[in-house]
Amino acid sequence: MPVDPARPDGPQLTLRLARVPVLDPAQRRGVLLLIPGGPGAGVQEMIAGGWGMREAHHVDEFRQQYDVVTFDPRGIGQSSPIRCDPALLPPVTPPQDRAPSAAEFAALAETNAAFYESCFAATGSLMAHLSVNDTAADIERIRQALGEEALTAYGGSYGSAYGAAYLERYGDRVRALVLDGVVDHSVDMPTFMTRNVLSAQETFDRFARWCADDAACALNGEDVGAVFDEVVAAAPVTKTLVPQILAGGSNPDDGWWQLLAQMMAEVRSGDTATLDQLTGVANLGSTADDPWLVAGKNGLFPGVLCASFGPQRDYEALRSAGDALAAQAPRFAWKFWDATPLAHGTAGVGDCIGWPLEAANPPDVLDVASHPNVLVANPTHDPATPLINALSVWMQIPQARLLLADVGGHQSLLLSQCAYETMAGFLDDPSSVATTTLCPN
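Residues numbered from 1 in each chain as written. Predicted model: local features only at pLDDT ≥ 70, side-chain atom pairs only at ≥ 80, totals over all residues. Heavy atoms only, no water.

Caption draft 1: Representation of the nonpolar core within the structure. In this structure, Leu-33, Tyr-158, Phe-207, Leu-219, Met-264 and Ile-397 are the most contacted members of the largest nonpolar core, which totals 100 residues. Counting residues per element, this core draws most heavily on helix α7 (residues 189-213), which supplies 9 residues. The contacts of Leu-219, once residues within four sequence positions are left out, are Cys-211, Val-224, Val-227, Ala-261, Met-264, Ala-265 and Arg-268. In terms of nonpolar packing, the next biggest core, distinct from the first, is built from 28 residues, Val-43, Val-178, Ala-377 and Cys-439 among them. (Core = buried A, V, L, I, M, F, W, Y, C linked by side-chain atoms within 4.5 Å. Buried < 20%, exposed > 50% of the residue type's maximum accessible area, 1.4 Å probe, protein only. Helix = DSSP H or I, 4+ residues; strand = E, 2+ residues; numbered from the N terminus. Contact = heavy atoms within 4.5 Å.)

Here it is in structure tokens:
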């Protein structure tokens, strides 16, 4: 692929694709492209099968009719991965509930800038071409290489941003597109992160109410917020781990909420067995033998996010937004400022403090024609991509269809059988799905 889509004869990058072929060639309807999210996910997370991911994305069911194809997006995995100098990697610091001082803000900008400079030096021109527009161009090249007349695709989490960028630029080549667990690129980064933090707080509040009402919760009858504060004091890693576990879903059959309550109860009594288990799951795939690649994973987040949202330089405006948020969601306000995505499993405005380039594609409302062949989907309670994102994007795409799954957790495909069945029907025939669908579970 060309590093710069505007310069097809310029520097090139290698893009890794993976295919799970259709089971019965006689039933083949074409290719279904699974667009990875993250940013940072790729082939391993989408179809390789680790920790049930293959089942979660219904690969074996989709391959009844399709060759299921996915890829490592540019800069990820085996697709010309980003490299940065590990010696300049900003130190992992405990997440802070308060806003940084002006001096701390300036110091973070300086530290980040030196690290990002090392990423540009080690990676080359690719570091400046990680935007959703660049990946959308890659998706179009993938479609062409596979010989598909039109794109049939599912984009979940940050993959929804890649999918929306493709729709905006190549909308006439879309046959059926699902955007799930939706990223809304029409708002600035402080608003984007504020929505995320409030959604995490809302999900924690639902978890606390479940504990109050259900004897299956190991903290039943207790003040869950107070227990959380006590557990964080004893084991600070739980502060960043809890939002990741809440994203796994609230379905009792999945057991994530029960496991989370059990972990909190154990840590309070000095037992870290379940905490160690959950930390291992949350950090799966976050290490590598090459320290330059490990550092590169931290460089990838700003390379993608800051290309879309731009550098964050206005300290007073950020502090005002962060202080207002802390009053509403005190236990998760740290997510707004966070700048250590690999360690904490999240990203915040801190990642774009010290970023050297202006936004490659600044926040803007989608400029698209009518698309009844687009389905926008979201859980009603998603701590990573709140419902307001999906509603906003749905309203930006004339005649798009809307699917809401009344579940907690991140991405409806991974959490709701009803959502999967609706999506499968839509991918087969977009006109068969109603304008709005509500899945009760």
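Okay, back to it.
Caption draft 2: Looking closely at the side chain of Asn-196. Mapped onto the elements, Asn-196 comes out in helix α7. Setting aside chain neighbours within four positions, we find Asn-196 in contact with Lys-335, Pro-383, Ala-384 and Pro-386.

Caption draft 3: Main features of the sheet that holds strand β4 (residues 151-156). Across the sheet, which stays open at both edges, the 8 strands sit in the order β1-β3-β2-β4-β5-β6-β7-β8 with mixed pairing between neighbours. The strands lining the two open edges of the sheet, one partner per strand, are β1 (17-20) and β8 (436-439). Pairwise comparison of adjacent strand axes, ignoring direction, gives a mean angle of 20 degrees for this sheet. Note: strand β2 (residues 30-35) against β4, 3 bridges, orientation parallel. Residue pairing in the sheet places Leu-33 in a bridge with Ala-153 of β4. (Pairing = 2+ DSSP bridges. Axes fitted to C-alpha atoms, helices over the stretch in contact; angles between N-to-C directions.)

Caption draft 4: Structural view of unusual backbone geometry. The residue after Gly-38, namely Pro-39, is reached through a cis peptide bond having omega -5 degrees. Non-glycine residue Ser-157 carries a positive phi angle of around 60 degrees. Counting through the fold element by element, Ser-157 comes out in the loop between β4 and α6 (158-170). Phi angles above zero are rare outside glycine, and Gln-411 is one such case at about 80 degrees. Summarising the element assignment, Gln-411 is placed in the loop between β7 (401-408) and α17 (417-428). Residue classification places Gln-411 among the buried positions, given a relative accessible area of 10%.

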